[in-house]
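An overview of the molecular structure
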Amino acid sequence: MTVVIVKIDNLVKRYGDLIALDHLNIEIKEGEIFGLLGPNGSGKTTAINCILSLLKFDKGNIEIFGREMKPTAYPIKQDIGIVMQNVAVFEELTVYENIDYFCGLYIKDKKKRKELVQQAIEFVALKDFVKFYPKKLSGGLLRRLNIACGIAHKPKLIILDEPTVAVDPQSRNNILEGIKRLNEEGATIIYTSHYMEEIEQLCSRLAILDKGKVIATGTKQEVKGMISLGEKIVIETFNLKEEHIEKIREIPNVIDVELKENILTIKQKSGASNLVNITSFIANHDISYGKIYSELPTLNDVFLEITGKELRD
Ligand SMILES: Nc1ncnc2c1ncn2[C@@H]1O[C@H](COP(=O)(O)OP(=O)(O)OP(=O)(O)O)[C@@H](O)[C@H]1O
């Protein structure tokens, strides 16, 4: 039986005249890594703050673990781990003391807490830095400390709001791998990002947000299946003429052709396969080419087709 961990029903949140969340409906199931993908300002942080009852909302209902979420729902909060966008640690405490403090909010037994703090330190690979104060840590290490503080008490639901913004690639990989391990160990994860690559890599299901609305939701395949765009064929060409482009446009199932700095991108309708037709066209017209490959639509393509805008400006 599928257990629903988070149920967001018809959620509306206004800031004055601005509708930050516009009748949001989302269900997150046990064991998922659920992605909330959307550009800056689409409502991801507002949604997270409402889920956590840190913000009052105007309409709707939120249930977590099958119970109504309220500011005073402490038993529910105990089973949630939060890693917010802005690093929130104490400057006057060391790495160890910070993790111990946050873990101590939920775990009173000292022996148990010591074990959990050690596990969290190993988990984010901060063993060599336990005596450091936060101001001595690089941005990436600080993010890792922030994560350790949020997850040390082994919560059932972990919410991470853009945890990789402004971190170096090594720390980013460390963070993404760590999230996968937390999930394998049984935690349900909500992960917000405006990086579609991260959501693609990490999440089993996702919702794409724009202007406070869910514009698409499902597995990656389901979401990509909602648009008319199918495979894209990309060719590096050197002597292509305008008339060639026009002829390629006429090939059945081609929906768009674009040439940018020697890179020709041919977009096709979902379900169509034109690679053979296009390679024979190129050969028959003596067009010289370098790389040629086909790729599936990205989540940015989904966003672009539905909203007319790029995910990242
Ligand atoms: N406290 C606030 N007062 C007024 N407007 C706000 C407030 N917080 C957010 N907003 C507005 O609500 C909308 C949603 O913002 P939100 O921070 O939830 O988006 P986001 O998707 O998390 O973006 P980002 O990735 O930039 O954090 C934006 O238009 C934002 O300007």
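As annotated in an unreviewed UniProt entry, the chain carries the name ABC transporter ATP-binding protein and comes from Natronobacillus azotifigens.

Let's shift gears to the overall build of the chain. Secondary structure summary: the chain contains eleven helices and 14 strands in total. Principal axes of the C-alpha set define a box for the chain whose edges measure 75 × 45 × 40 Å. Taken across its 313 residues, the chain has 47% of its residues classed as buried. A separation of at least 24 residues holds for 68% of the contacts in the chain among residues at least 6 apart in sequence. Accessible surface, the chain: about 15800 Å² in total, of which carbon and sulfur atoms supply 50%. Each charge class in the chain can be summarised by its mean position, and for the 42 positive and 44 negative side chains these summaries are 7 Å apart.

Assignment of secondary structure puts Tyr191 in strand β8 (residues 188-193). Taking the relative accessible area as the measure of exposure, Tyr191 reaches 0% and is therefore buried. Setting aside residues no more than four positions away along its own chain, Tyr191 makes contact with Phe34, Gly35, Leu36, Leu160, Pro163, Thr164, Leu176, Ile179, Glu198, Ile199 and Leu202. Side-chain polar atoms of Tyr191 contact the side chain of Glu198, separated by 2.6 Å.

Right, let's get into the packing of aromatic side chains. Scanning all chains against the criterion turns up four aromatic pairs. Seen from their ring centres, Phe90 and Phe102 are 5.8 Å apart, and the 20 degrees between their planes marks the pair as stacked. With a gap of twelve residues between them, Phe90 in the loop between β6 (80-83) and α3 (95-104) and Phe102 in helix α3 connect regions that are remote in the sequence. For Phe102, a relative accessible area of 19% corresponds to the buried category. Each ring, one from Tyr101 and one from Phe102, has its centre 5.3 Å from the other, and the planes form 85 degrees; the classification is edge-to-face. A network of ring pairs unites the aromatic residues Phe90, Tyr101 and Phe102 as a single cluster. Over the ring of Phe65 we find Lys156, and its NZ or CZ is 5.5 Å from the ring centre.

In the vicinity of the ligand, 13 residues are found, and the nearest of them are Gly41, Gly43, Lys44, Thr45 and Thr46. Between the ligand and Asn40 there is a distance of 3.2 Å, counted from an oxygen atom to a side-chain nitrogen or oxygen. Here Ser42 contributes a backbone N or O atom positioned 3.1 Å from an oxygen atom of the ligand. In isolation the ligand offers 630 Å² of accessible surface; the protein chains occlude 60% of this area. Residue assignment for the shell around the ligand shows that the elements contributing at least two residues are β2 (18-29) and α1 (44-51).

Time to look at the side chain of Ser193. Looking at the secondary structure, you find Ser193 in strand β8. Residue Ser193 is classed as buried on the basis of its relative accessible area of 1%. Side-chain polar atoms of Ser193 contact the side chain of Glu198, separated by 3.3 Å.

On to the domain arrangement of the chain. With domains assigned, the chain is organised as domain 1 (4-224) and domain 2 (229-296). Just the C-alpha atoms count here: the centres of domain 1 and domain 2 sit 42 Å apart.

Core analysis: the biggest nonpolar cluster contains 47 residues, and Ile99, Leu145, Ile189, Tyr191 and Ile208 have the highest contact counts within it. Counting residues per element, this core draws most heavily on helix α5 (residues 139-151), which supplies six residues. Ignoring sequence-local partners within four residues, the contact set of Ile189 consists of Glu32, Ile33, Phe34, Ile158, Leu160, Ile179, Leu182 and Asn183. Among the nonpolar cores identified, the runner-up in size contains 27 residues, and Leu11, Ile62, Ile76 and Ile159 belong to it.

Definitions and limits used
- Sequence order sets the numbering: in each chain, residues are counted from 1 along the sequence as written.
- Local features in this predicted model are restricted to residues whose pLDDT is 70 or higher, and side-chain atom pairs enter the listing and the counts only when it is 80 or higher, whereas totals over whole chains, interfaces and linings include all residues.
- Excluding hydrogens and water, the side-chain figures rest on all heavy atoms present in the structure.
- Secondary structure counts use DSSP, requiring at least four H or I residues in a row for a helix and at least two E residues in a row for a strand, with both numbered from the N terminus.
- Burial classes: relative accessible area under 20% of the type maximum marks a residue as buried, over 50% as exposed, and values in between as partly exposed (1.4 Å probe, protein chains only).
- Whether two residues are in contact is decided by their heavy atoms: any pair within 4.5 Å suffices.
- Residue exposure ignores everything except the shown protein chains as possible cover, and the areas themselves are Shrake-Rupley values with a 1.4 Å probe.
- Neither His nor the chain ends is counted toward charge; the positive residues are Lys and Arg and the negative residues Asp and Glu.
- Here the site of a charge means NZ on Lys, CZ on Arg, CG on Asp, or CD on Glu.
- Within 3.5 Å is the distance limit for a polar contact, defined as a pair of N or O atoms, with the added protein rule that one can donate a hydrogen and the other accept it, and that residues adjacent in sequence qualify only through two side-chain atoms.
- Aromatic rings from Phe, Tyr and Trp, with only the six-membered ring used for Trp, were paired whenever their centres fell within 6.5 Å, and each pair was classed as stacked if the ring planes differed by under 30 degrees, edge-to-face if by over 60, and tilted otherwise.
- Here, over-ring charges are defined by two tests on the NZ atom of lysine or the CZ atom of arginine: distance to the ring centre within 6 Å, and angle to the ring normal within 35 degrees.
- Here a residue is near a molecule or strand as soon as one of its heavy atoms is found within 4 Å of it.
- Here the limits of each domain have been adopted from an automatic or database domain assignment.
- Residues belong to a common nonpolar core when they are buried Ala, Val, Leu, Ile, Met, Phe, Trp, Tyr or Cys residues joined through side-chain atoms within 4.5 Å.

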